[in-house]
Amino acid sequence: VRLQSAKRRGAVRRFPAMSAQFDEYPAVPFYTQDDDVFYYDSSALAHHLDDRQQLDHPPLMPRDSRMAFVCQFIDEAFDEFGLYMVHHMRWVTSARTPMGVMTARALRALLPPGFTPLLARRLYHRQVSRCPYLFSVAPEGFDVGMSPLRTPPARAGFPPTHALLDEAWRRYVAAMESLLAQQPFLLGGRFTLADASAYGQLGMNMVDPEAAALLQELAPRTWRWLCTIRGGEHRSAKGELALTPALQPLMAVISETFIPLMRQNEAAYEVARTRGETLFNEAAFARGRALYDGQLLGYPFRAVVKTFQVRVWREVQASWRALQAGDRDILERDLYPTLRELNQP
């Protein structure tokens with residue numbers, strides 16, 4: 001109620017500033033410190049916390065400029081492309097996920113008597129029906145042995161993307177497993193925004209039966225890392241941060257997925273604007289507007305232009321250009337060669 005009131009009053013903000021052209025309020029996350037002004041966007045929330053927290057807590061965003069860029073790059077990749085993978089793993093791979101029931105039970109105190117089972121059914125249907133918007137398009141005739149309301153849908157004219165997302169998820173998990181075999185956190189000895197974002201996506205699948213079992217089988221170190229963070233043990237880690245070669249596999253798979261997806265989305269946005277399109281994101285998807293065709297990891301896809309991803313991509317590019325030339329050289333020549341993709345038009 002307070003959040004809806006804040007939206008009506010214009011008291012919901014993105015730190016340090018919102019863009020009326022690109023930003024769109026998500027369903028979550030939001031937070032407030034005074035029940036009056038609310039902030040949203042997980043990456044922006046981390047910057048807001050860093051801006052206001054006491055010095056006895058290490059910042060979520062590293063102070064070193066090169067390390068801060070790598071942290072931002074990983075964070076945004078998990079936020080934007082990682083969301084597609086985790087949603088797919090929950091509602092397709094783990095079609096029997098208990099998440100709808102768990103969410104409804106968590107809201108039970110706010111619901112009328114007897115409404116909890118109905119809300120659970122509606123949540124399942126809502127999330128499954130959104131799969132194509134979130135990049136997960138089933139092939140025709142796809143069947144998970146569930147009711148039609150819980151069966152991830154195909155979409156006419158859209159190439160199926162299940163194989164693409166399955167392969168991408170496995171690549172990300174393999175890269176995480178390789179990295180965590182060599183250091184306790186993504187950027188070295190302590191928790192940062194990069195860890196928060198990776199945990200925020202992969203950690204969601206810890207309650208999804210098939211996805212959780214597959215994650216434990218393919219990536220036991222990553223599973224233990226997720227459990228460490230879920231249990232709060234990461235808060236005591238005080239090690240040093242460092243950019244190491246251990247990050248190379250993760251940086252490579254991000255460069256093969258996040259970069260081309262963001263680039264194709266931005267190009268489609270410019271084309272759509274030139275043609276006079278004014279509707280984007282989920283509203284446009286529902287009406288079959290602002291759609292574009294692309295390719296990722298050798299697979300074709302069709303998607304809707306997402307304006308918030310245009311903002312994300314331009315912020316990543318701006319951060320890359322803001323680095324000193326020598327710092328960019330060190331990152332792309334000596335550490336992570338796949339970052340050369342950022343220099344492509």
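Numbers given for residues are sequential positions, taken from 1 along each chain in its written order. Only residues with pLDDT of 70 or above have their local features reported here, since the model is predicted, and side-chain atom pairs are shown and tallied only from 80 upward, although totals for entire chains, interfaces and linings are computed over all residues. Side-chain calculation: all heavy atoms of the structure are included, whereas hydrogens and water are not.

(A) Spatial organisation of the pattern of salt bridges. Salt bridges are defined by distance alone: a side-chain nitrogen of Lys or Arg within 4 Å of a carboxyl oxygen of Asp or Glu. Scanning all chains against the criterion turns up twelve salt bridges. A salt bridge links Glu256 to Arg171, with the nearest nitrogen and oxygen atoms 2.9 Å apart. A residue pair is termed long-range when its members are at least 10 positions apart, and Glu256 in helix α10 (residues 248–274) and Arg171 in helix α6 (residues 162–180) qualify at 85 residues. With a relative accessible area of 37%, Glu256 lands in the partly exposed category. Only protein chains enter the calculation, and the probe is 1.4 Å; a residue is then buried if its accessible area is under 20% of its type maximum, exposed if over 50%, and partly exposed in between. With relative accessibility at 32%, the residue Arg171 sits in the partly exposed group. Across the salt bridge formed by Glu177 and Arg221, the nearest N and O atoms sit 3.8 Å from each other. Taken together, the positions of Glu177 in helix α6 and Arg221 in helix α9 (residues 220–230) put the pair 44 residues apart, joining distant regions of the chain. We classify Glu177 as buried; its relative accessible area is 10%. Look at Arg221 and you get partly exposed, because its relative accessible area is 40%. Three or more residues are tied together by salt bridges with common partners; here these are Glu167, Arg171 and Glu256. Strands are runs of DSSP state E lasting at least two residues, helices are runs of H or I lasting at least four, and both sets are numbered from the N terminus onward.

(B) The arrangement of the nonpolar core in detail. In this structure, Ile74 and Leu250 are the most contacted members of the largest nonpolar core, which totals 85 residues. Top element by residues in this core is helix α3 (residues 65–93). It accounts for 13 residues. Residue contacts are counted whenever heavy atoms from the two residues lie within 4.5 Å of one another. Discounting residues that sit within four places of it in the chain, Ile74 has contacts with Leu186, Leu187, Ala194, Leu247, Leu250, Met251 and Ile254. Definition of nonpolar core: a set of buried residues of the types Ala, Val, Leu, Ile, Met, Phe, Trp, Tyr and Cys, connected through side-chain atoms within 4.5 Å. In terms of nonpolar packing, the next biggest core, distinct from the first, is built from five residues, Trp91, Val92, Val128 and Cys131 among them.

(C) Representation of the packing of α10 against helix α12 (residues 307–322). Here an axis means a line fitted to C-alpha atoms, over the contact stretch when the element is a helix, while the angle between two N-to-C directions is reported on a 0 to 180 degree scale. For the pair α10 and α12, the least separation of the axes is 9 Å and the interaxial angle reads 120 degrees. Taken together, α10 and α12 sit at an angle that is classed as oblique. Considering only the axes of α10 and α12, their crossing is left-handed. Together, Phe258, Ile259, Met262, Arg263, Asn265, Glu266, Tyr269 and Glu270 of α10 and Thr307, Gln309, Val310, Val312, Trp313, Arg314, Val316 and Gln317 of α12 make up the contact between the two elements. Note that Gly is not counted as nonpolar here; it falls among the polar residues with everything else outside the nonpolar set of Ala, Val, Leu, Ile, Met, Phe, Trp, Tyr, Cys and Pro and the charged set of Asp, Glu, Lys and Arg. The residue makeup of the contact of α10 with α12, split by class, is eight nonpolar, four polar and four charged. Here is the rule for angles: anything less than 35 degrees is roughly parallel, anything more than 145 is roughly antiparallel, 65 through 115 is roughly perpendicular, and the remaining ranges are oblique. Take the far helix as your reference; a near helix turned counterclockwise from it by less than a right angle gives a left-handed crossing, and one turned clockwise gives a right-handed crossing.

(D) Quick peek at the environment of Met204. Among the secondary structure elements, Met204 is positioned in the loop between α7 (193–202) and α8 (209–218). Separated by 105 residues in the primary sequence, Met204 and Met99 place their C-alpha atoms 9.7 Å from one another. Residues contacting Met204, with those up to four places away along its chain left out, are Val86, Arg90 and Tyr199.

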